[in-house]
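So the chains spell out like this:
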Amino acid sequence: MVKGNFSDEDDDDKALSRLSELGELIRFHNDLYHGQGVPEILDSDFDLLWRELLDLEKKYPHLADPNSPSATVGGRKNTPFAEVKHHVPMQSLDNAFDKDQLSSWTDKVQRRLETEQKISAWTCELKFDGLAVSIRYEKGQLVQAATRGDGFIGEDVTENVLTISDVPKILGKEAPEVLEVRGEVYLGIEAFNALNHSRASLNEPSFANPRNTAAGSLRQKDSKVTASRNLSFWAYQIGATWLKSLGFPINEHAKKFTDFKEVVSYIENIENMRHDLDYEIDGVVIKVDDLVLQKQLGTTARAPRWAIAYKLPPEERTTRLIDIEVSIGPGGQATPFAKLEPVFVGGSTVGTATLHNADQVKEKDVRPGDLVVVRKAGDVIPEVLRPVISERPANTRPWEFPTSCPACKEQLERTEGEAATFCNNYECPRQIRGRIEHFVSRGAMDIEGFGEQRVDLFVSEGLINDVSDIFRIDFERISEMEGFGELSVTNLKNAIEEARSMDLGRLLFGLRIPHVGTTVAQLISENFQDLEVLKKVQMQDLEVIDGLGPKIAMSVFEWFTNERNVDLISRLQHLGVNPKSESLLLDDQDKTLLGMTIVVTGRLQGLSREEARKIIKERGGKSPGSVSAKTTYLLAGEGGGSKLEQAEKFDVPVIDETAFENLIKNGNLPK
Ligand code: IVH
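Residues numbered from 1 in each chain as written. Predicted model: local features only at pLDDT ≥ 70, side-chain atom pairs only at ≥ 80, totals over all residues. Heavy atoms only, no water.

Draft legend 1. Local environment of the sheet that holds strand E11 (residues 307-311). As summarised here, the arrangement of the five strands in space is E2-E11-E10-E3-E9, forming an open sheet in which the pairing is mixed. The sheet terminates laterally at strand E2 (95-96) and strand E9 (255-257), the two strands that pair on one side only. When strand E3 (residues 122-128) meets E9, the two strands line up antiparallel, connected through three bridges. The residue of E9 that forms the bridge with Cys124 is Lys255. The strands touched by helix H3 (residues 99-112) are E2, E3, strand E10 (281-288) and E11; relative to E11, the strand with the most contacts, the crossing angle is about 175 degrees. Lying on the sheet, helix H9 (residues 260-273) is in contact with E3, E9, E10 and E11; it crosses E3 at an angle near 20 degrees. (Pairing = 2+ DSSP bridges. Helix = DSSP H or I, 4+ residues; strand = E, 2+ residues; numbered from the N terminus. Contact = heavy atoms within 4.5 Å. Axes fitted to C-alpha atoms, helices over the stretch in contact; angles between N-to-C directions.)

Draft legend 2. Quick peek at the site of the ligand. In the vicinity of the ligand there are 14 residues, among which Glu125, Leu126, Phe128, Glu184 and Tyr236 approach most closely. Here Glu125 contributes a side-chain N or O atom positioned 2.9 Å from a nitrogen atom of the ligand. Lys287 has a polar side-chain atom sitting 3.3 Å from a nitrogen atom of the ligand. Per element, the largest residue contribution to the shell around the ligand is four residues, and it comes from E3. Of the residues in the shell around the ligand, the class split is seven nonpolar, three polar and four charged. (Near = heavy atom within 4 Å. Polar contact = N/O pair within 3.5 Å; in protein donor to acceptor, adjacent residues only side chain to side chain. Nonpolar A, V, L, I, M, F, W, Y, C, P; charged D, E, K, R; others polar.)

Draft legend 3. Highlighting the packing of helix H20 (residues 550-561) against helix H21 (residues 563-574). One way to put it is that H20 packs onto H21 with a least axis distance of 5 Å and a crossing angle of 70 degrees. One finds that H20 runs roughly perpendicular with respect to H21. In this structure, H20 contributes Trp559, Phe560 and Thr561 to the contact, and H21 contributes Glu563, Asn565, Val566 and Ile569. Here the residues of the contact of H20 with H21 sort into four nonpolar, two polar and one charged. (Parallel < 35°, antiparallel > 145°, perpendicular 65-115°, else oblique.)

Draft legend 4. Helix H22 (residues 609-618), seen in detail. Those residues of H22 not exposed but buried are Arg609, Glu610, Ala612, Arg613 and Ile616. Buried residues in H22, looked at end-on, bunch into an arc of 160 degrees, giving them a common side. The secondary structure elements touched by the buried residues of H22 are helix H15 (486-499), helix H16 (504-510), strand E19 (598-601), strand E20 (633-636) and helix H24 (657-666). Two residues or fewer past H22, Gly620 is found with a positive phi of approximately 90 degrees. (Buried < 20%, exposed > 50% of the residue type's maximum accessible area, 1.4 Å probe, protein only. Arc of directions from axis to C-beta.)

Draft legend 5. Just the environment of Lys173, in detail. The residue Lys173 is located in the loop between helix H4 (158-161) and strand E7 (178-186) in this model. By relative accessible area, which is 83% here, Lys173 ends up exposed. Remark: the alpha-carbon pair of Lys173 and Gly140, spanning 33 residues in sequence, is separated by 7.3 Å.

Such coordinate-based values are descriptive only and should not be taken to indicate function.
Structure representation (structure tokens):
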């Protein structure tokens with residue numbers, strides 16, 4: 001997650017390219033998260049992308065893309081669902097984060113009711129952490145269900161809501177002619193754990209947390225999938241007692257109070273028992289309990305004035321710290337982390353938590369065997385806050401940072417005054433693996449069929465020791481290994497073959513040159529064209545590159561003057577790795593694929609997958625690595641595999657090379 005380094009006035013080009021990169025990344029991860037429910041990056045990293053995008057758009061308003069994710073929040077573009085206009089907009093709620101904010105809200109509400117009317121009652125409800133839906137009944141029959149969307153227009157998810165057993169499909173005789181009920185669709189914690197359990201046994205990736213899983217499950221094209229997810233529903237809008245008599249599930253913790261002091265103790269009570277619930281909540285909703293007063297108070301553009309959400313602080317839980325271990329990153333950094341008895345906190349089950357560095361462990365004095373307090377504030381990495389000293393077992397000892405690397409046994413080193421400890425052994429197996437994993441990853445060389453498990457296997461079998469070995473890997477030995485059929489060996493062979501002519505920017509990023517992220521790698525690639533020139537790079541060649549700060553220039557220069565790295569580059573060249581710079585400049589007239597997302601799979605005849613992706617991008621389209629509901633076409637060659645299944649699941653048309661050529665030329669498919 002590398003940030004752009006834009007300091008000058010005349011760096012619009014770079015800002016533009018980073019903006020489009022960020023837009024693409026956000027859309028890609030957003031889709032994995034919401035569309036498919038299998039996020040690939042941490043939420044905190046996703047937030048960083050968002051923040052960077054918003055900052056850049058603020059700084060360069062003239063460059064903002066009208067199709068930027070920031071302009072299409074709510075994600076209702078390109079969805080496979082029909083639009084539903086809400087007759088009454090689905091609003092949000094204002095928040096109070098402490099008791100003072102809550103009481104100034106009540107004062108404000110009271111002041112606004114200019115007459116002598118006193119608010120005589122408040123209702124308090126739990127704030128369920130799921131997703132809001134509006135369900136419409138006509139003559140007592142469920143006719144439509146919609147998501148919130150942007151508040152005005154949502155998505156038609158009727159078929160899927162019909163699969164939720166909590167939702168009544170037919171109301172009693174007393175049902176009015178038309179009724180719209182609003183409430184929260186959610187996934188219970190037990191149902192969430194059971195779902196992940198069964199996914200694990202099928203070798204499917206597990207879901208991150210109940211809320212996103214609920215959202216992903218409700219937005220399935222195939223309602224059978226939704227039905228299999230055991231979603232639940234709480235109704236919360238339109239007079240509660242009435243709702244209950246109509247057959248809606250009303251949460252048993254909803255209470256009405258006449259004295260505001262009772263509201264405060266209700267909140268405290270909920271704060272203490274939230275862990276005992278089988279569903280997640282992130283606050284308490286306090287509403288003025290009088291429809292006439294509600295009407296009088298009205299709403300702002302965003303939220304009703306008669307209700308407020310009291311947000312509960314991030315969750316903390318205690319669990320047993322089994323042990324403290326040290327992980328070695330691809331650059332050799334040794335990071336201590338806690339192995340915990342799994343605990344459900346902040347929306348997911350946590351089994352490990354970072355302890356950052358040696359000083360942090362010392363300062364917190366957490367010891368193996370301790371009961372510790374764990375926090376997952378919103379969506380950040382779980383952390384161990386402190387030990388519960390009163391519960392400390394008799395025989396614990398302060399933890400000592402190991403003196404040698406757990407992977408290679410070499411001495412660990414820490415520079416005076418620095419927080420980090422390092423394993424400086426370039427040959428450390430953990431570092432070797434880390435370097436190779438990064439090199440083959442989707443953001444870098446994108447070698448399909450080269451996942452972490454395979455990297456581990458190939459390294460431990462002695463098949464590869466550095467990234468150049470990938471290009472002379474012994475396929476005969478691989479084909480004798482368990483789990484490698486003829487097809488998977490061929491696919492791997494093809495993917496590696498393709499990587500030989502990969503874009504130079506991707507190769508540079510893949511080499512983990514310090515301070516060189518995707519943007520800088522691309523920048524260098526545009527300025528140097530090929531490896532041969534880069535091998536002889538001088539400091540002054542780098543200094544003149546617009547947008548490349550002195551620190552980065554120095555880092556690149558040092559990397560290319562290090563003998564070990566020069567050797568590696570020569571080895572790569574000898575093995576036929578000959579990357580070329582990809583020109584990012586687009587010709588406006590050729591943007592025939594603008595707005596399209598075309599995923600490429602299988603073996604194509606006339607061009608490589610990488611070439612096809614390049615063509616798509618050059619013509620203004622996008623070509624992510626996986627199929628989703630937002631994919632326009634799947635371009636499939638021979639042996640497309642799982643992507644074809646995905647295309648079928650999401651109803652994505654599959655096209656062949658001939659159709660693709662037509663598409664490039666005319667921007668549409670042959671009739
Ligand atoms: S009342 C005008 N009651 O919170 C909106 N909302 O942050 C009136 N929510 O979009 C909403 N539990 O999805 C209400 N007991 C509850 C709720 C609740 C969860 C959600 C709802 C809303 C969001 C606002």
